[in-house]
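# What the coordinates show
Okay, here's what each chain looks like letter by letter:
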Amino acid sequence: MTKAVIQAVDVGSAPIDRYRDLLGAEAWNAFELGMRDFADRMRGRTLWNVNSTPRGGGVAELLAALIPYDRGAGVDERWLVIEGSPEFFAITKKIHTLLHGVAPDGSEITPVERGEYEQAMARNSAALLDQVRPGDVVLLHDPQTAGLVSPLSSRGITVIWRSHVGVDRPNAMVRNAWKFLTPYMNGASAFVFSRRAYVWDDPDGSRIHIIAPCIDPFTTKNRDLDVSETARILAAAGVLRGIDGEATFLRHDGRRGRVTHTAAIGSTPPSDARLVVQVSRWDRLKDPIGVTEAFVRHIAPRTDAWLVLAGPAVDSVDDDPEQPQILAQLQAIRDRVPRGMRERIVVAELPMQDIEENAAIVNALQRRADVVVQKSLAEGFGLTVAEAMWKGRAVVASRVGGIEDQIEDGESGVLIDDPTDLDAFGSAVVDLLHDPQRAAAFGREARLRVIREFLAPRHLMQQAQLVISVI
Ligand code: UDP
């Protein structure tokens, strides 16, 4: 057996006192003390995060935002990415889909697939054991890494396994996926889920912890942009017509970057177009096809708005082999729409060569949106919702998974009870486009809600307490 080639992601560090003003005195003091205590207790140990991709999707987003703060506070924390073949990622994508209760091609994992999964885990655990030492703590993220729990914990390494996905009501397919994964996870000191409803059938409740994801307002994805910066970034990326000229953005490390890559795009909205925007990986569970159908049937005939579906350039995300297929389906549907309306459906594959450039474009797009939508059929948490809420946008989203924890329906956005109800979804979007004042009021509430519940310090403290409790 050859060992896997594990990739170390360069994470840098960030000062936690960026949060001093945002938190207010009391919360800041608790945060600062908590982080100092965490660093003291971790002295001599390394905290490792292991997942399956350095970019694309919510987990990579979360790790990139959070790890620098722990490091800035003095914790030796690192991020490693496992290696997998296309076959391995096809299997883990199947598990991912099953965990959401959906089975595109059969609800069983075959013995051949099991063999492939175990082989990948064996190769990766062998490589990890070259770096991780007894006494260290390893945070393993998602099913792609579940098979690493036993080999690491049996060497005296403290292992926490975290699931970023889940469904409110598990069906037989979900249970099948649990049944597949559970035997691999003996020896974990703790299990983390994003919501109480996602906890698996496990008699040992003492090992279960709930940590909701969060956003960091100081990342390139979320930092404030003025109207002119926003317009320039979108024009330079080819996502919106407008002025030519330099578009710059602030990188995480304080240097300035420039938007030089453009999106692959079918049509480009005029600079003053009203925009309905969904940002997501090209995944059936994000239902870009449903969004398009709702736009064609309900939104386009009643408004002048354009729909922008934005996601990563296809083939750029290694651990998600389904993306080209979804994108092809989307293009086929778009091609069938009559010409005048077709150009108002914008499928934008955002450049991924420079992850911070991509983040700046997403930031600008979310800020420029008149309405942000997230019409997911299932959703672990839905970081795109918190990102849009932080930017004071009105969001229309399905009442599924973690989205329900974020938006209070009718106060900080709109929740659609049945995620397949195109009429209800379309009408909610149209209502907001017709009533910008109501949209602005939702946006104001949404931002306050994110400040109260979904910022990084809350997450950093919860995770620190968890790690302290297991060492
Ligand atoms: N995202 C991005 N560029 C893209 C598409 C998505 O940076 O082209 C980001 C998005 O802003 C969010 C994350 O990927 O931060 C997606 O996280 P979410 O929890 O919404 O969904 P997941 O992909 O984890 O299912």
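A quick note: this is a predicted structure, and the numbers were derived from the prediction, not measured. (Residues numbered from 1 in each chain as written. Predicted model: local features only at pLDDT ≥ 70, side-chain atom pairs only at ≥ 80, totals over all residues. Heavy atoms only, no water.)

## Observations concerning the overall build of the protein chain
Across its full length, the protein chain carries 17 helices and 16 strands. On the principal axes, the C-alpha backbone points of the protein chain span a range of 65 × 55 × 40 Å. A total of 471 residues make up the protein chain; the buried ones form 58% of that total. When contacts within the protein chain are restricted to residue pairs at least 6 apart in sequence, long-range pairs at least 24 apart make up 73% of them. (Helix = DSSP H or I, 4+ residues; strand = E, 2+ residues; numbered from the N terminus. Buried < 20%, exposed > 50% of the residue type's maximum accessible area, 1.4 Å probe, protein only. Contact = heavy atoms within 4.5 Å.)

## Remarks on the site of the ligand
The immediate surroundings of the ligand are formed by 17 residues, with G58, R281, K286, L383 and E387 found nearest. Between the ligand and G58 there is a distance of 2.7 Å, counted from an oxygen atom to a backbone nitrogen or oxygen. One of the side-chain nitrogen or oxygen atoms of K286 is found 2.8 Å away from an oxygen atom of the ligand. Burial of the ligand by the surrounding chains reaches 90%, relative to a free accessible area of 540 Å². Breaking the shell around the ligand down by element, the ones donating at least two residues are α3 (58-72), β12 (306-312), α12 (355-368) and α13 (383-390). (Near = heavy atom within 4 Å. Polar contact = N/O pair within 3.5 Å; in protein donor to acceptor, adjacent residues only side chain to side chain. Areas by Shrake-Rupley, 256 points an atom, 1.4 Å probe, with all protein chains shown as cover.)

## Description of the pairing of strand β5 (residues 158-162)
Regular strands show a simple pattern: their side chains alternate between the two faces of the sheet. Most of β5 is tucked away, with five of its five residues classed as buried. Residue alternation in β5 divides its side chains into two sets, T158, I160 and R162 and V159 and W161, and both sets are buried. Sheet topology places strand β4 (residues 137-141) next to β5; five bridges connect them, and they run parallel. If you follow H141 over to β5, its bridge partner there is R162. (Pairing = 2+ DSSP bridges.)

## Considering the sheet that holds strand β2 (residues 47-51)
As summarised here, the arrangement of the seven strands in space is β1-β3-β2-β4-β5-β6-β7, forming an open sheet in which the pairing is mixed. The sheet terminates laterally at β1 (7-8) and β7 (208-210), the two strands that pair on one side only.

## Remarks on the sheet that holds strand β14 (residues 371-374)
Across the sheet, which stays open at both edges, the seven strands sit in the order β10-β13-β12-β11-β14-β15-β16 with mixed pairing between neighbours. Where the open sheet ends on each side, the last strands, each with one partner, are β10 (264-265) and β16 (414-416). Where β14 meets strand β15 (residues 395-398), three bridges bridge the pair, whose relative direction is parallel. The partner of Q374 across the bridge, within β15, is A397.

## A few points about the pairing of strand β6 (residues 190-193)
On β6, burial covers both faces: A190 and V192 on one face and F191 and F193 on the other are all buried. Both β5 and β6 contribute to a ladder of three bridges, which runs parallel. Considered in β6, the bridge of W161 is made with F191. The parallel pair β5 and β6, bridged by helix α7 (residues 172-181), forms a crossover whose chirality is right-handed. Two elements, β6 and β7, share three bridges in a ladder whose sense is parallel. (Right-handed = clockwise from strand over helix to strand, strands pointing away.)

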